[in-house]
Amino acid sequence: MKLKTREQSDVMIVELSGKIMGGPESVQFHDTIKQAIGANRKRVVIDLGEVEWMNSSGIGLLVSAYTTLKNAGCDLKLARTTDKIQSLLVITKLNSVFDSHSSVDGAIQSFN
Amino acid sequence: MADSARTPDLTDASSVSPFESKLEELARLSVELLRQLRSNAIDPKSAAEYKALAAEVASVELAAELQQELERERDENAILQTVSLKLSSAGELRDVLRVILESLAQVVEFDAAGIFVYDREFGQIEVDMLSGYEAAQRKKLYEKFQESVRSGEGIVATVVLTGRPIYVPDVRTDSRYVEVRPSTHSEIAVPIAVRGELIGAFNLESDHVDNFSERDRKTLQTFASHAGVALERARADRMRQHTRRIEEELALARRIHSTFLPKTMPLFQPYDLGGMNFPSSEVGGDYFDFVPITESDLGVIMSDVAGHGVAAALLMANFRACILIESRAHYAIRTILSRVNEFLVETNPPDSFVTAFYGVLNRERHILTYSNAGHNPPLLLRKGETPRQLSAGGPILGVFPGVEYEEAHVQLQAGDLLVFYTDGVTEAENSGGEQFGVERLSDAAKRYATLPAYEIARRISHDVHEFQAQDENQDDLTLSIVKYE
């Protein structure tokens, strides 16, 4: 898993790529989410467009980001969910929990 | 043995050695020469005599120094041999380090000493062996280290960070020095390295200015390399113990997990039941069960905990206990899942969850009532119809409080086949990165539909294993079959 962050229109964008399968590398991800809250970023987009593969532990990462941000009064959107991730979201019925958008810009606009 | 005439004996004042009488003669001559020099009348005879005598005295001194050096080397070698012997008998690290310090004290004079290990990951220096520091000074030492590693000050911290030895003949003139013992006047510290990797430092302090010779520094470095071997061995021992403990924990978790799974399937005619679980190399988080509730009702559970290892096994234990208790309480299925969800939300770590299918099969009316909490939808295979996926329900368990679950019914017919599975089946990948998928699963189930339930599960599992690329990232594989005969 690789992780990059950037800012656009007051929104923090977390770009994930590679294989998302939880485990030790999730620490960096959790830290990033905590930093977003610490820096008072109310809006976060997770860009999943470059994710090659994700398992249920990867879904666990998204879920914990969602609950952590929500508890801190922040809003999370997903952008560019791949077919594979979309099917995982459908099976776990998290598609009703996560607000997914086909583009990062679309996700950013949906905050307004 | 050295010739006693050429060895200065400075301990016995009562007897005057030939060397001492020569020194006395030399002193007398030098006074005489000085007097002649002042009166500008140097007697060449006295000068020649003085030169000869001085040369003789110098050679005796040199020989004596060489002799001392040789003796010290012999002592050192003997001591190092003792240290090596101690090292080779696998003792406690602290005992070995103590022997190293005590042995060093026999060849180098110092007033305080310490062996320090640097934890690069946490940027901390750990003190492994100290000598010559009072209790209050030890406390100060611990505090100073954390500061000095951060600020890059302090002799030991500098050695640990740079890997280069430092000798400070007078601590009052070195800005890097951080005081711990007020009486210290000189300090020396050398790095401890193992196979080129810097792991710590060995330092000596003295109450005298410029106490440590070049030779002392070399000796200290030799002892430091022995300390390195001891520390490395202790670290390897700790790693081994740690690995063993983890393996024991995993073995225990595996045993716990295997006790969750049904050993034999209940008899529930006219339904034939079969199921199996192949745990991954780690401890798995899959759980399936057939739970007789009443004479006519059978609970069917298929579930998966996100993650592996001991944490997943414990969460699975939690889920299992909870659903078994709730399923016997005769609540509606959607209520059972809501209650299990609430319980898991309270007890779960935030990034773990359970996906579960729970259904109750009534063998008089042949109705399966179910709710699916984010689990891979089981397949209902009926002759001449496309496979149906049983997905009605709600989201995963253990994350969102207050979630409501939908409940659905399905009327079964003779010849129907229900296939329950976890993602280890459909997400098994071949070497081309292609997944086994739902279609291959339903095709395989249809192919084996005439066989007994257990045999269907076994054949499908076999197909999945054949399909799957041989890598280590294999998930748990769990399948169960309900066949209406």
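Here the structure is a predicted model, which means the values were calculated and not measured.

## Re the overall build of chain A
- When helices and strands are tallied, chain A shows four helices and five strands.
- In sequence order, chain A lays out its α and β elements as β-β-α-β-α-β-α-β-α.
- Of all 112 residues assigned to chain A, the portion counted as buried reaches 43%.

## Things to note about the interface of chain A and chain B
- Taken together, the contact between chain A and chain B spans 16 residues of the former and 17 residues of the latter.
- No other element matches helix α2 (residues 56-71) of chain A, which puts nine residues into the side of chain A that touches chain B.
- Among the residues making up the side of chain A that touches chain B, the classes are represented as six nonpolar, nine polar and one charged.

## Details of the environment of Glu439(B)
- Inspection of the secondary structure assignment puts Glu439(B) in helix α10 (residues 437-447).
- Spatially, the C-alpha atom of Glu439(B) lies 9.2 Å from that of Pro387(B), the residues being 52 residues apart in sequence.

## With respect to the nonpolar core
- Among the nonpolar cores identified, the biggest contains 95 residues, and Ile46(A), Val354(B), Tyr358(B), Val419(B) and Ile481(B) are the most heavily contacted of them.
- Ignoring any residue separated from it by four or fewer positions in sequence, one finds Ile481(B) in contact with Gly274(B), Gly275(B), Leu417(B), Leu418(B), Val419(B), Ala453(B), Ile456(B) and Ala457(B).
- Within the second largest apolar cluster, 46 residues are counted, among which are Val108(B), Val117(B), Ile166(B) and Phe223(B).

## Some details on the pairing of strand β10 (residues 367-373) of chain B
All names here are of chain B.
- Counting buried residues in β10 gives five out of seven residues, a clear majority hidden from the surface.
- Alignment of strand β9 (residues 354-362) against β10, held across seven bridges, turns out to be antiparallel. Bridging from a neighbouring strand, Phe357 pairs with Asn372 of β10.
- Hairpin connection between β9 and β10: a loop of four residues separates the two successive antiparallel strands, and His366 in this loop has a positive phi of roughly 55°.
- In this structure, β10 lies alongside strand β14 (residues 408-411), joined through four bridges in antiparallel fashion.

## A closer look at the sheet that holds strand β3 (residues 43-54) of chain A
All names here are of chain A.
- With respect to topology, five strands assemble into an open sheet ordered β1-β2-β3-β4-β5, the strand pairing being mixed. Edge positions in the open sheet fall to β1 (2-8) and β5 (100-101), since each of these has one partner strand only.
- Alignment of β1 against strand β2 (residues 11-20), held across seven bridges, turns out to be antiparallel. Bridge assignment links Leu3 to a residue of β2, and that residue is Leu16.
- Contacts from helix α1 (residues 26-38) reach β1, β2 and β3 within the one sheet, and its direction differs from that of β1 by about 15°.
- Contacting β2, β3 and β4 (75-79), α2 crosses the sheet at an angle of about 175° to β3.

## Examining the sheet that holds strand β16 (residues 477-484) of chain B
Residues and elements named next belong to chain B.
- The sheet built from five strands is open, its strands ordered β6-β16-β15-β11-β12 with antiparallel pairing. Single-partner strands in this sheet number two, and they are β6 (271-278) and β12 (388-389).
- Here eight bridges tie β6 to β16, and the two strands are oriented antiparallel to one another. What sits directly across from Gly275, in β16, is Ser480.
- Across the sheet, α10 lies against β11 (379-381) and β15 (417-421), angled at about 40° from β11, the strand it touches most.

## Description of the confidence of the model for chain B
All names here are of chain B.
- Scored by pLDDT, chain B comes out at a mean of 84, with 90% of its residues at no less than 70.
- Throughout residues 1-13 the model reports pLDDT below 50, and contacts reaching past four residues in sequence, or to other chains, amount to 11 contacts.
- In the model output, the complex is listed with pTM 0.65 alongside ipTM 0.85.

Each value, and the rule that gives it
Residues numbered from 1 in each chain as written. Chains lettered and ligands numbered in written order. Predicted model: local features only at pLDDT ≥ 70, side-chain atom pairs only at ≥ 80, totals over all residues. Helix = DSSP H or I, 4+ residues; strand = E, 2+ residues; numbered from the N terminus. Buried ≥ 20, exposed ≤ 12 C-beta atoms within 10 Å, placed from the backbone. Contact = placed C-beta atoms within 7 Å. Nonpolar A, V, L, I, M, F, W, Y, C, P; charged D, E, K, R; others polar. Core = buried A, V, L, I, M, F, W, Y, C linked by C-beta atoms within 7 Å. Pairing = 2+ DSSP bridges. Axes fitted to C-alpha atoms, helices over the stretch in contact; angles between N-to-C directions. pLDDT = per-residue confidence, 0-100.

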